[in-house]
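What follows is the residue order along each chain.
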Amino acid sequence: MAGQETHYILPRAEFDAPVKLLIVVAPYYKDIADNLVAGAKAEIEAASGTWDIAEVPGALEVPTAIAMADRQCNFDGYVALGCVIRGETTHYDTVCNDSSRSIQLMGLQGLCIGNGILTVENRKQAEVRADPADQNKGGGAAAAALHLIALSRKWGASRKGVGFKPPSESILLAGDSNGPKTA
């Protein structure tokens, strides 16, 4: 059983400047969602971060809300939370695959997202995974987002003279020995 496996967990991310995350949750199964949120909030606060929360109808709307917030707000990262329990139809597969794929695509575009949308066979599996005192997948999703934010800040701050990509506000002209021109 997955709950009995042991695995390595990275040390908690640390920050020199404040960090703010948006928790986007689909409270379709309210008690499970509440536990996921409790775990996420505790992890963010333990890293001295702050959070805001947005509720959406279901797991398919979580990525849409994150994309909207990214365009219109100023969050450092996002925590996607919800639960999809297998039913009698293929709707389960659609919701699991499409929500996960959308979150992954946004991550590949540079958003710092921890995915804590549970995809389980039954309610008992969800309860164990959501419980902050047990598997704490909400806290794990928040920790993932925090680690991605830390990487983003680390790599975003080291642009001078490293790698192949000049800072986006500079244009390098061939044969110009005076350095970059600011656009």
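Residues numbered from 1 in each chain as written. Predicted model: local features only at pLDDT ≥ 70, side-chain atom pairs only at ≥ 80, totals over all residues. Heavy atoms only, no water.

Novice: Explain the pairing of strand S1 (residues 20–25) to me, using residue names and the numbers behind them.
Specialist: Within S1, five of the six residues are buried, leaving the element largely enclosed by the surrounding structure. Both S1 and strand S2 (residues 50–55) contribute to a ladder of six bridges, which runs parallel. Residue pairing across strands places Val25 opposite Glu55, the latter belonging to S2. Taking the sense of rotation as the criterion, the β-α-β connection linking S1, helix H1 (residues 30–46) and S2 turns out right-handed. As defined by bridge partners, S1 adjoins strand S3 (residues 77–85) across five bridges and the pair is classed as parallel. By the bridge assignment for S3, Val25 is matched with Leu81. (Buried < 20%, exposed > 50% of the residue type's maximum accessible area, 1.4 Å probe, protein only. Helix = DSSP H or I, 4+ residues; strand = E, 2+ residues; numbered from the N terminus. Pairing = 2+ DSSP bridges. Right-handed = clockwise from strand over helix to strand, strands pointing away.)

Novice: How would you summarise the pairing of S3 if you had to cite specific residues and measurements?
Specialist: Among the nine residues in S3, nine count as buried, and that is most of the element. A two-sided burial pattern is seen for S3, the buried positions comprising Gly77, Val79, Leu81, Cys83 and Ile85 on one face and Tyr78, Ala80, Gly82 and Val84 on the other. In the sheet, S3 pairs with strand S4 (residues 113–120) via eight bridges, with the strands oriented parallel. From the neighbouring strand, Val84 faces S4, where its bridge partner is Thr119. Since S3 and S4 lie parallel, the crossover through helix H3 (residues 91–108) that links them has a hand, and here it is right-handed.

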